[in-house]
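Structural overview
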Amino acid sequence: MSELLAVSRYEFRMQARKRSLWLVTLLLGCLLIAIQGDQGPRHLPADTPPAEVMTTWAILLGIVVPLGFGMVLADRLIRDRRLGTTALLESLPVGPGRFLAGKYLGGLAASALPVFLLMLVAGGYESLHRGDPLLLGWTVLVFAVVMLPGLAFVAGFALVCPLVVSAPLFRVLFVGYWFWGNFLGAEILPSLTGTLLTPVGAYPASWLSGQWQMYAGDPGWLSFLRPEPDGLAALSSVLLLVLTGLLPLLVAGLVFNRRRRTTV
Amino acid sequence: MDIQISRLARRFGKVTALHSVDLSIPGGMYGLLGANGAGKTTLMRILAGVLPPGSGQVRVGGHDLTTGAGRLAVQRRLGYLPQDLGLYPDLTPREFLDYVGLLKGLDDTRARRAQVDELLDLVALGEVAGRRMKGFSGGMRRRVGIAQALLGDPTLIVVDEPTAGLDPEERVRFRTLLAGLAGHRTVLLSTHIVEDVAQTCQHTAVMAAGRVVYTGTVADLVRVGEGATWEVVTGVGGPPPAGVVVSAVSRTDGTHYRVVSPTRPGADAVPAAPSLEEGYVALMRRAAAPVPSGSTGR
Amino acid sequence: MKSELIRPIQNRRLPLWRYEARRAGWTLLAAPLTALLVGVALALLAANGGSSRDQVGRMLLAGPEVLLPLTTGMAAVSMVARDGCRELQLSLPTRYAVTLGRRLGTLALAGAVCTLLFSAILGLTGLWAGPGPLASTLVWLPPTLWLAALAVLVGILGRSLVVATTVVAVVWLGELLFAAWFAAEGWARPFFLFTTVRFGVDGDWWTNRLALTASGLLIVVVVALLLRRPHQLLTEEEV
């Protein structure tokens, strides 16, 4: 357990020190706030319920901020190879499973931190603007339920997939996937948009705000993944996103374990 | 190809890598010694035209390196081996050298290829000339590096830490090769391995914290350690409390320490004849001490 | 080893282009082929879903107009951002900007050949929904030039692969998601990358293509000016 914490802690530190992580989040946050359009949180009436205010922020930031998140994480495991630290890390008594888990947790925490801070700024602004301190509490809840599962989902794939398809190709595929899986309506093409596996958080956002968000439950391909948006569906979406994000880690852990056994 | 540097300074953000460096390098083999972070690599990069000088004057063979035209003129006569030479792993040594040769402007295909094969034989890579460099050892990579530096028969060769990571046999081979090249060229060898300079250079400069703290002959640098080098033998206990321990050899009568210290490090310490390494350590200790007013530090 | 071997560099030689193509590696063909094949896959899915021939034709245009700029932009920035021999390259008498230009040129050439063949096949089979043969290049060339040039510019300015790829991704996604905004804003419409697929070849199409080409070339000029100081490409690890 202490080894897992150590790997997580240092992965967190290394990544939190990356200037590009903060720069990307800041750039994207400012851009989204500036061009949010008439659907954005700035245009919500004064009497809008706090949950709806903060889910609107989460959806707004969730449009592109996880893209930067995926780009940052895409070279975290490849980097070890590039910097020549793989052999050193493999010589340590930490198993590949724990090592991967530590990288995942540390990377997720570090990359989610600027997103969380951005949400806190938005929540702080809204609580001052609307005179409701409870909005800060909603900020934390909305971040945890709407944004974090999607980020956890992205983190699992962004860490492992570049090992198989290379980082540049992963980045291209990831951008294409992000559009296809979140925004391409199922009426145009078969897509994952509006399903429980939509990482932008359509189901939890719809449940928390009581408003239909981001095509959640729209009829289309894979109808079993498109229930009515309610509490149970939101919970299923959160669990499904987190567990699906762990799948690539599980596969990578098994492969690394087998490789270590055959090379010893 | 002589090199004249005057009042050269270079900053990276808030960090000053070079403070008003003055240096004159004649032809032949010339050593540049200094600890890691002393500013050697920045100086090498400026001389190779990789970085433009921040301020001051740098003339190489009469060409002014503060101008683009001057840098290009020098680069046409230059062979450069950077400290961290990343090779293109999907190329073979023969292809890599051919590629670099083309970028150096060696247009005659037949002559270029002949030169590539000649250089690969010179660095003992002829047998693996057609193998991709992906799995090459550190020593093999350095040898590819020196071979590419020699392409086009350069009159100025700048090598930055060329022997780092090489085994003793390869280091000796490498040094001999460099020394052999220095006959009608200027070979500038930057290193923190004192032994490399001791074995190959007659003249050397020493850098510390972005400044040149010594220029002169290697023999004079050895003399800096005179009166400051001691041998101490201890039966039990640790090294002497004063000075810098340069070596410690355990023998039957106790541990023999060689210590650099301006004062006698212990009652039983006896003066010893300094080596280049000890002269260098004595110089660095002197450079680290507060400089008395009026002293140039050289 | 004869010193007269060194002569001023005159003509760009074919072997150098071959070496630069090898430097670019598999990305060279993967970038255009991925874009075009994904476009075909999307069109097949649309056809299978009962879309009209016109809609399928538009979907086929998505390969060259929508996906090719993304894959080319990402490939271009990867080529510029990482070079294991950058320090050595900067010490050679061939300007690094020329070497990078040649490397990116091979990417452009591979993309152009693949896309021209693709367009020709669609034209011959009657599935081409874009403008006539002479103007067909303008479906993919202006957006590809624009996004790839932007990618390289951000890569050089930011010296960060992450920042550059994120900017490319965000611009690409933003243009797709906010197409209606681009259509509504008069000043932004000339800079919308995917006009053919989203709005067809209407009256503003030529203006849009010319504006994209001109602004893309402007970015290329800025990149060329920045590359006059190539040492700025050395990252913190290298400096």
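Residues numbered from 1 in each chain as written. Chains lettered and ligands numbered in written order. Predicted model: local features only at pLDDT ≥ 70, side-chain atom pairs only at ≥ 80, totals over all residues.

**A few points about the interface of chain C and chain A**
To keep it simple, the criterion reads: Throughout, a pair of residues is in contact if the C-beta atoms placed from their backbones lie within 7 Å. Strands are runs of DSSP state E lasting at least 2 residues, helices are runs of H or I lasting at least 4, and numbering of each runs from the N terminus. The classification used treats Ala, Val, Leu, Ile, Met, Phe, Trp, Tyr, Cys and Pro as nonpolar, Asp, Glu, Lys and Arg as charged, and all other residues, Gly among them, as polar.
Opposite the 25 residues of chain C that make contact, chain A presents 22 residues. Where the side of chain C that touches chain A is concerned, the elements lending two or more residues are helix 2 (27-48), helix 3 (53-81) and helix 7 (161-177) of chain C. Sort the elements by how many residues they give to the side of chain C that touches chain A and helix 7 of chain C lands first, with 10 residues. Within the side of chain C that touches chain A, the residues separate by chemical class into 17 nonpolar, eight polar and no charged.

**Digging into the sheet that holds strand 1 (residues 3-12) of chain B**
Residues and elements named next belong to chain B. Quick note on the threshold: The rule for pairing is simple: two strands pair if DSSP sees at least two bridges between them. Angles here are taken between N-to-C directions and fall from 0 to 180 degrees, while the axes themselves are lines fitted to C-alpha atoms, restricted in helices to the stretch in contact.
Spatial ordering of the open sheet is given by 2-1-4-5, a layout of four strands whose pairing is antiparallel. The sheet terminates laterally at strand 2 (15-25) and strand 5 (63-64), the two strands that pair on one side only. Pairing of strand 1 with strand 4 (residues 55-60), which is carried by five bridges, proceeds in the antiparallel orientation. Among the inter-strand pairings, Ile5 is bridged to a residue of strand 4, identified as Val58. On top of the sheet, helix 1 (residues 40-47) reaches strand 1, strand 2 and strand 4; it is set at about 60° to strand 2, its chief contact.

**So, the pairing of strand 9 (residues 203-208) of chain B**
All names here are of chain B. Put simply, the rule is: Burial is judged by counting other C-beta atoms within 10 Å of a residue's own C-beta: 20 or more means buried, 12 or fewer means exposed, and anything between counts as partly exposed, with every C-beta placed from the backbone.
Along strand 9, five of the six residues are buried, which leaves the element largely enclosed by surrounding structure. As paired elements, strand 3 (residues 28-34) and strand 9 share five bridges and run parallel to each other. The partner of Tyr30 across the bridge, within strand 9, is His203. Here strand 9 runs beside strand 10 (residues 211-217); their pairing, made up of six bridges, is antiparallel. What sits directly across from His203, in strand 10, is Thr217. Hairpin connection of strand 9 to strand 10: two residues between the antiparallel strands, including Ala209 at a positive phi of 50°.

**Looking at the interface of chain B and chain C**
With 29 residues of chain B at the interface, the matching set in chain C holds 27 residues. Looking at which element gives the most residues to the side of chain B that touches chain C, the answer is helix 3 (residues 93-103) of chain B, with three residues. Split by residue class, the side of chain B that touches chain C holds 17 nonpolar, six polar and six charged.

**Let's talk about the confidence of the model for chain A**
Quick note on the threshold: pLDDT runs from 0 to 100 and stands for how confident the predictor is about each residue.
Averaged over every residue, the pLDDT of chain A is 89; the share at 70 or more is 99%. Averaged pLDDT values for the elements of chain A fall to 77 in helix 5 (residues 86-90) of chain A and rise to 94 in helix 7 (residues 134-165) of chain A.

**Focus: the environment of Tyr280 of chain B**
Residues and elements named next belong to chain B. Position of Tyr280 among the secondary structure elements: in helix 9 (residues 276-288). C-alpha of Tyr280 to C-alpha of Arg77: the two residues are 203 residues apart in sequence and 32 Å apart in space. Once residues lying within four places of it in the same chain are set aside, the contact partners of Tyr280 are Leu33, Val194, Val206 and Leu221.

**Regarding the sheet that holds strand 10 of chain B**
Residue and element names in this part refer to chain B. In spatial order, the strands read 6-7-8-3-9-10; together these six strands make up an open sheet with mixed pairing. Unpaired on one side and paired on the other, strand 6 (78-81) and strand 10 mark the two borders of the sheet. Sheet twist, expressed as the mean angle between neighbouring strand axes with direction ignored, is 15°. Note that strand 7 (residues 156-160) and strand 8 (residues 186-191) share five bridges and pair parallel. From the neighbouring strand, Val159 faces strand 8, where its bridge partner is Leu189.

**A word on the packing of helix 3 (residues 50-73) of chain A against helix 7 of chain C**
Note the threshold: Roughly parallel refers to an angle under 35 degrees, roughly antiparallel to one over 145, roughly perpendicular to one between 65 and 115, and oblique to any angle outside these ranges. Crossings are classed by handedness, with left-handed meaning an anticlockwise turn of the near helix from the far one by less than a right angle and right-handed meaning a clockwise turn.
The N-to-C vectors of helix 3 of chain A and helix 7 of chain C enclose an angle of 150°; their axes lie 9 Å apart at closest approach. By the angle between their directions, the pair helix 3 of chain A and helix 7 of chain C is classed as roughly antiparallel. Both helix 3 of chain A and helix 7 of chain C take part in a crossing whose hand is right-handed. Across from Ile63, Val64, Leu67, Gly68, Met71 and Val72 of chain A in helix 3 of chain A, the residues of helix 7 of chain C making contact are Val162, Thr165, Thr166, Ala169, Val170, Leu173 and Leu177 of chain C. Considered class by class, the residues forming the contact of helix 3 of chain A with helix 7 of chain C number 10 nonpolar, three polar and no charged.

**Re the packing of helix 3 of chain A against helix 7 of chain A**
All names here are of chain A. The interhelical angle for the contact between helix 3 and helix 7, taken along N-to-C directions, is 25°, at an axis separation of 9 Å. By the angle class used here, helix 3 and helix 7 are roughly parallel. Our pair here, helix 3 against helix 7, has a crossing hand that is right-handed. In terms of residue class, the contact of helix 3 with helix 7 is made up of 20 nonpolar, five polar and no charged.

**Side note on the nonpolar core**
Condition: Nonpolar cores are built from buried Ala, Val, Leu, Ile, Met, Phe, Trp, Tyr and Cys residues. These are joined into a set through C-beta atoms within 7 Å.
In this structure, Ala58 of chain A together with Val168 of chain C are the most contacted members of the largest nonpolar core, which totals 233 residues. Tallying contributions element by element places helix 7 of chain A first for this core, with 18 residues. Residues contacting Ala58 of chain A, with those up to four places away along its chain left out, are Met119, Val142, Phe143, Val146, Met147, Gly201 and Ala205 of chain A.

**Digging into unusual backbone geometry**
Despite not being glycine, Ser20 of chain B shows a phi value in the positive range, around 40°. With respect to the helices and strands, the residue Ser20 of chain B is situated in strand 2. Backbone geometry at Arg159 of chain C places phi at a positive 50°, although glycine is not the residue there. On the basis of neighbour count, Arg159 of chain C is assigned to the partly exposed category, with 19 C-beta atoms found within 10 Å.

**A few points about helix 1 (residues 14-24) of chain C**
Working note: α-helix, 3.6 residues per turn, so residues spaced by three or four point in the same direction. Put simply, the rule reads: Directions are taken from the helix axis to each C-beta atom, and the arc is the one they span.
For helix 1 of chain C, the set of buried residues is Leu16, Tyr19, Glu20, Arg23 and Ala24 of chain C. Across the axial projection of helix 1 of chain C, the buried residues extend over an arc of 145°, all falling on one side. Considering only its buried residues, helix 1 of chain C is in contact with helix 3 of chain B together with helix 2, helix 3 and helix 5 (96-125) of chain C.

**A short note on the pairing of strand 12 (residues 244-251) of chain B**
All names here are of chain B. Little of strand 12 is tucked away, with zero of its eight residues classed as buried. Two strands pair when backbone bridges link them, and strand 12 and strand 13 (residues 254-260) are joined in this way by seven bridges, in the antiparallel orientation. Residue pairing across strands places Val245 opposite Val259, the latter belonging to strand 13. Between the antiparallel neighbours strand 12 and strand 13 lie two residues.

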